[in-house]
Amino acid sequence: MRASVLRDGRMVYRDDVPDPVPGPGQVLVRVRACGICGSDLHFAAHGARVLEMSGELAGAGGGMDVDLGRDIFMGHEFSAEVLDAGPGTETHPPGTLVTSLPVLLSDKGVEPIVYSNTTLGGYAELMLLSASLLLPVPNGLNAKHAAMTEPMAVGLHAVNKSGITTDESALVLGCGPIGLAIIAALHQRGVESIVASDFSPTRRGLATVMGAHQVIDPARGSPFDALNAGVVFEAVGVPGIIDDVLLRAGRGTRLIVAGVCMESDRIHPFFATAKEINIQFSLAYDMAEFTESLRAIADGDIDVSPLITGEVGLDGVGRAFDDLADPERHCKILVTP
């Protein structure tokens, strides 16, 4: 079958990948759409550093078992069509459109569908999913929109972590896909004051479409002028951002860090102590949040169509990785095998 794989830091098209065979509890699916995530771009450029830090986090047990010298399968924002099931596995009928948490259960244990030399991801024609984790796509929602469930769940999780109420103010720093997902979740929750900040005029426009009440170009003015206290969502993920928030945010602010910074950073705890700022880091989502995000998209509570700015086949993934470096051109590119 066909797939796009990471090889020596570049996405490479292959047409000779063996078809996967489902085992007990597994389902063979045909990928209908898969979003390109910023974490995939980062791994392509800095895979060795990601593995090194994962190993440090895991301690002596090691981190992700990935060999950068071999082809790597990726793609974790997907929708797919059920084809067949493994031995003794009950699942949805063939042809059912589904999505799933990006996790495969096997006799090896829990295999994350993120970066792997062996576990296929959504940048392929076919992949395996766990029957117990499948979610049928409701309401006739199309496959492309269903593939947006995963990134929208990341935004919902950050909002849930904040404990924000509708009468509190929210400031979202960074309007990439995760920042926009946070804005959508805030808007759906009914938060009455949502301010978004980004240098990109295109992304500021998308922030308005997704529900921001005010957008600010940080090159022209401080977004903190619009927020004395409340909740700040950091969705940039570069060194210096957290310390800048601690310095400029108001007393009693809650800071939710959703941007993933892979570099060492420096903060001045005094800023946070003096203003009693609460810092909460946020990553991924749980099954309930994933399910809620799918329902919100399928019910029309969140319109994800403005976020989808491009579509490529498996032979165009490498070019799409390059194109996503320009925030004025793209927000989310979908791979449609």
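Bear in mind the structure is a predicted one, so any value in this text is a computation, not a measurement.

Q: Which residues make up the pairing of strand β4 (residues 77-85), and what values go with them?
A: Summarising the sheet, strand β3 (residues 26-35) and β4 pair through 8 bridges and their orientation is antiparallel. Directly across from Gly-35, in β4, lies its bridge partner Glu-77. As judged from the 2 bridges shared by β4 and strand β5 (residues 97-100), these two strands associate in the antiparallel manner. Looking at the pairing, Glu-81 lines up with Leu-97 of β5.

Q: A description of helix α3 (residues 149-162) should follow, citing residues and the corresponding values.
A: Spanning 14 residues, α3 covers 20 Å between terminal C-alpha atoms, matching the ideal 20 Å at 1.5 Å per step. Judged by how many residues are buried, α3 sits mostly within the fold: 12 of 14 residues are covered. Residues of α3 that are buried: Thr-149, Glu-150, Pro-151, Met-152, Ala-153, Val-154, Gly-155, Leu-156, His-157, Ala-158, Val-159 and Ser-162. Where α3 terminates, the next one or two residues include Gly-163, which has phi positive at roughly 65°.

Q: With reference to specific residues and values, describe the environment of Val-137.
A: Take Val-137: it is sitting in the loop between β9 (134-136) and α2 (143-146). Among the residues examined, Val-137 registers a relative accessible area of 14% and is labelled buried. Residues Val-137 and Ile-297, 160 residues apart in the sequence, show an inter-C-alpha distance of 10.0 Å.

Q: Residues and numbers for the side chain of Ser-282, please.
A: Within the fold, Ser-282 resides in the loop between β15 (278-281) and α8 (287-298). Taking the relative accessible area as the measure of exposure, Ser-282 reaches 11% and is therefore buried. Once residues within four sequence positions are removed from consideration, Ser-282 is found in contact with His-157, Ala-158, Lys-161, Ile-256, Val-257 and Ala-258.

Q: Can you lay out the sheet that holds strand β14 (residues 254-257) for me, pointing to particular residues and giving the numbers?
A: The sheet built from 6 strands is open, its strands ordered β12-β11-β10-β13-β14-β15 with parallel pairing. What marks the edges here is a single partner per strand, and that holds for β12 (214-216) and β15. Strand-to-strand, the axes of this sheet are offset by a mean angle of 20°, without reference to chain direction. Each of β10 (169-173), β11 (193-197) and β13 (231-234) is contacted by helix α4 (residues 177-189), which is oriented at about 165° to β10, the strand it contacts most.

Q: I'd like to hear about the nonpolar core, residue by residue, with values.
A: One finds Met-152, Leu-180, Ile-182, Ile-183, Leu-186 and Phe-233 to be the most contacted residues of the largest nonpolar core, which totals 48 residues. Residue assignment for this core shows that the elements contributing at least two residues are α2, α3, β10, α4, β11, α5 (201-210), β13 and α8. At 7 residues, the largest contribution of residues to this core is made by α4. Built from parts of two domains, this core gets at least three residues from each of domain 1 (3-136 + 304-335) and domain 2 (152-281). Excluding its chain neighbours within four sequence positions, the residues that come into contact with Phe-233 are Ala-158, Val-159, Ser-162, Ala-170, Leu-171, Val-172, Leu-173, Ile-182, Leu-186 and Ile-256. Grouped together as the second largest cluster of nonpolar side chains are 45 residues, Met-11, Ile-36, Ala-44 and Ala-80 included.

Q: Describe the pattern of salt bridges, naming the residues involved and giving the relevant values.
A: Summed over all chains, the structure comprises 17 salt bridges. When the shortest N-O distance is used, the salt bridge between Asp-217 and Arg-220 registers 3.8 Å. Judged by its relative accessible area of 77%, Arg-220 falls in the exposed class. With a shortest N-O distance of 3.0 Å, Asp-301 and Arg-295 are connected by a salt bridge.

Q: Report on the packing of aromatic side chains, specifying residues and quantitative values.
A: What the rule picks out here adds up to 4 aromatic pairs. Aromatic pair Phe-43 and Tyr-115: ring centres 4.0 Å apart, planes at 10°, arrangement stacked. Residue Phe-43 is found in helix α1 (residues 38-58), and its partner Tyr-115 is found in the loop between β7 (109-112) and β8 (126-130); the two are separated by 72 residues along the sequence. Looking at Tyr-115, the relative accessible area reads 11%, which means it is buried.

Q: Break down the pairing of strand β2 (residues 10-14) for me, citing the residues and quoting the values.
A: Pairing analysis gives 5 bridges linking strand β1 (residues 3-7) to β2, with the strands arranged antiparallel. When the bridges of β2 are listed, Leu-6 appears paired with Met-11.

Conventions we followed
- Counting starts from 1 at the beginning of each chain's written sequence and moves along it residue by residue.
- The predicted nature of this model means local features are confined to residues of pLDDT at least 70 and side-chain atom pairs, given and counted, to a pLDDT of 80 or more, with totals for whole chains, interfaces and linings taken over all residues.
- Excluded from the side-chain calculations are hydrogens and water; all other atoms, namely the structure's heavy atoms, are used.
- Pairs of strands are assigned from DSSP output, requiring at least two bridges between the strands.
- Counting from the N terminus, the helices are the DSSP runs of H or I reaching at least four residues and the strands are the DSSP runs of E reaching at least two.
- Helix span, expected: 1.5 Å multiplied by one less than the number of residues in the helix.
- When a residue's accessible area, from a 1.4 Å probe over protein chains only, is under 20% of the maximum for its type it is buried; when over 50% it is exposed; and in between it is partly exposed.
- Two residues form a contact once any of their heavy atoms are found within 4.5 Å.
- Lines are fitted to the C-alpha atoms to define the axes, a helix being fitted only along its stretch in contact, and any angle between axes, read from their N-to-C directions, falls within 0 to 180 degrees.
- As used in this record, nonpolar core signifies buried Ala, Val, Leu, Ile, Met, Phe, Trp, Tyr and Cys residues forming a set joined through side-chain atoms within 4.5 Å.
- For the domain bounds, the source is a domain assignment made automatically or taken from a database.
- Any Lys or Arg side-chain nitrogen found within 4 Å of a carboxyl oxygen on Asp or Glu counts as a salt bridge.
- Any pair of Phe, Tyr and Trp rings, taking the six-membered ring for Trp, is counted once the centres come within 6.5 Å. Such a pair is stacked with planes under 30 degrees apart, edge-to-face with planes over 60 apart, and tilted for the rest.

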